[in-house]
Amino acid sequence: MSTATALKQGIREHLGQFSLHVLLVFATGLTIGSERTVVPALGEDVLGVESFLVIGSFVVSFGIVKSILNLYAGKWGEEYGRKPVLIAGWVTALPLPVILIFAPSWGWITVGNILLGINQALTWSMAINAKIDLAGPDQRGLAVGIDESFGYTGVAVGAWITGVIASRWSLRPEPFYFLAVVAVLAFLISIFLIKETVQYAQAEGDDDDHDANLPFNEVLKRATYGDRTLFAAAQAGHIENFVDTLFWIAVPLYLLSQGLDIAAVGAVVGVHSAMYFLQIGTGGLADRIGRRPPVIAGMFLAGAGVLGMVLVEGYLMWAVLAAVSGLGMALLYPNLMTVPSDAAHPTWRSAGMGVYRMWRDSGYAVGAILIGLSMEFVNAEAAFYLTAFLMFVSGAVVYVWMEETHPDFGTHEPPATAPEQLQRTISQD
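Residues numbered from 1 in each chain as written. Predicted model: local features only at pLDDT ≥ 70, side-chain atom pairs only at ≥ 80, totals over all residues. Heavy atoms only, no water.

### Observations concerning the layout of surface pockets
Okay, step 1: In this model, the second largest pocket occupies a volume close to 270 Å³.
Okay, step 2: Lining the second largest pocket are 15 residues, with E78, E79, L214, T347 and W348 sitting closest to its centre.
Okay, step 3: Among the secondary structure elements, those contributing two or more residues to the lining of the second largest pocket are α4 (52–80), α10 (198–204) and α11 (216–226).
Okay, step 4: A per-element tally of the lining of the second largest pocket places α4 first, with 3 residues. (1 Å grid on protein atoms, 1.4 Å probe; cavity = no way out; pocket = protein on both sides within 12 Å on 5 of 7 lines; lining within 4 Å. Points joined across faces, edges and corners; volume = space filled by probe spheres on them. Helix = DSSP H or I, 4+ residues; strand = E, 2+ residues; numbered from the N terminus.)

So, in structure tokens, the structure goes:
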């Protein structure tokens, strides 16, 4: 009885620890947001980088590292617990402000973004898994929505604050002093205040279920191509990160070329990211109506907002359409992530989420390459057209292939029971 009571799930029951994880994911967003406005301009104005493709290289390095580390962060979270992986993530953020302040060339910025990719993969993966551990299945969508809303609000605030600092002082070092304070405080909170949560996931699952304790390679296959619904989620997650990449690379440079100053550019980018705060509502909405409707609506709405930005002129209209695309992302972002969480057995849920997040965040690297090539060899507007088109195609794939995964009224069924050889492997483990 005491064990059951101690492991009772629910956001209200664990409000203190849940709130600390919300604070930490906000800090994770501040960390990446601190680069959103300033670093592309730093490349052009301070380091003399003229190629859009080279400027995009820092996002490529970020996306490759983050996608790979997402995969293993989930695995390590199962093996070692959430807290050690979280602390390791914040350790990697500590050198980043120093690198950005003193970097003599763009190559150093790219190296710094490798550290940023590690930080984002480890800290955000563990933050979201810890929230799901604490919340339980009945509040899973709400937990993911809260996580993503505060994380991307952090991105918006970081982009806005560093844009203001840069406009008042300079592109460096002043904006990165703010980043240093964030990294140090988050590191200390992770060490001294955060408690382990993996035991809640372990208690939630039935180890006798045929789907329990899948080997890691089987989780990788299942979450990639072995389940059509999970494939639809993975490809949608991959493509929707093109929108995020667009607002990281193309949007600041495009708006600067249209005559906006750096503070106004930071505000437009910040408006887009600020709409992600609505994920508190969209995640909870999916707990009531299912994951599929908001995902489909979000894919097409985000694509339309991106397309509209090159069809209008003026600060106000750009801000409005940045908000529209941000609203679409708020609808789809947390609910795409809840799909593998619904479909996975608790014994391998963190690993399954890691596979989804690997495919999703590899979209940063692929998106940065395609967007950079479009800007380099066509024009900036081509990057917007390409991103919008791919969002529409990906949304159509979701519409056709993704089944509902909500535990109460979902239509999704996992693949057939593993073959006998796999069952023997599981029993031996």
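### Digging into the packing of helix α13 (residues 250–257) against helix α14 (residues 262–274)
Okay, step 1: With their axes 10 Å apart at the nearest point, α13 and α14 run at an angle of 140 degrees to one another. The pairing of α13 with α14 is recorded here as oblique in orientation. Read as a crossing pair, α13 and α14 show a hand that is right-handed. Note on element contacts: α14 touches α13 through I262, V265, V268 and V269, opposite V251, P252, L255 and L256. (Axes fitted to C-alpha atoms, helices over the stretch in contact; angles between N-to-C directions. Parallel < 35°, antiparallel > 145°, perpendicular 65-115°, else oblique. Left-handed = near helix turned anticlockwise from the far one by under 90°. Contact = heavy atoms within 4.5 Å.)

### Quick notes on helix α5 (residues 82–93)
Okay, step 1: For α5, built from 12 residues, the straight-helix expectation of 16 Å at 1.5 Å per residue is met to within 8% by its first-to-last C-alpha distance of 17 Å.
Okay, step 2: All of the buried residues in α5 are R82, V85, L86, I87, G89, W90, T92 and A93. (Expected span 1.5 Å × (residues − 1). Buried < 20%, exposed > 50% of the residue type's maximum accessible area, 1.4 Å probe, protein only.)

### Quick look at the nonpolar core
Okay, step 1: By size, the foremost hydrophobic cluster in this structure holds 92 residues, and its most contacted members are M309 and F384.
Okay, step 2: Core analysis: the second largest hydrophobic core is formed by 22 residues, I87, W90, A93 and A183 among them. (Core = buried A, V, L, I, M, F, W, Y, C linked by side-chain atoms within 4.5 Å.)

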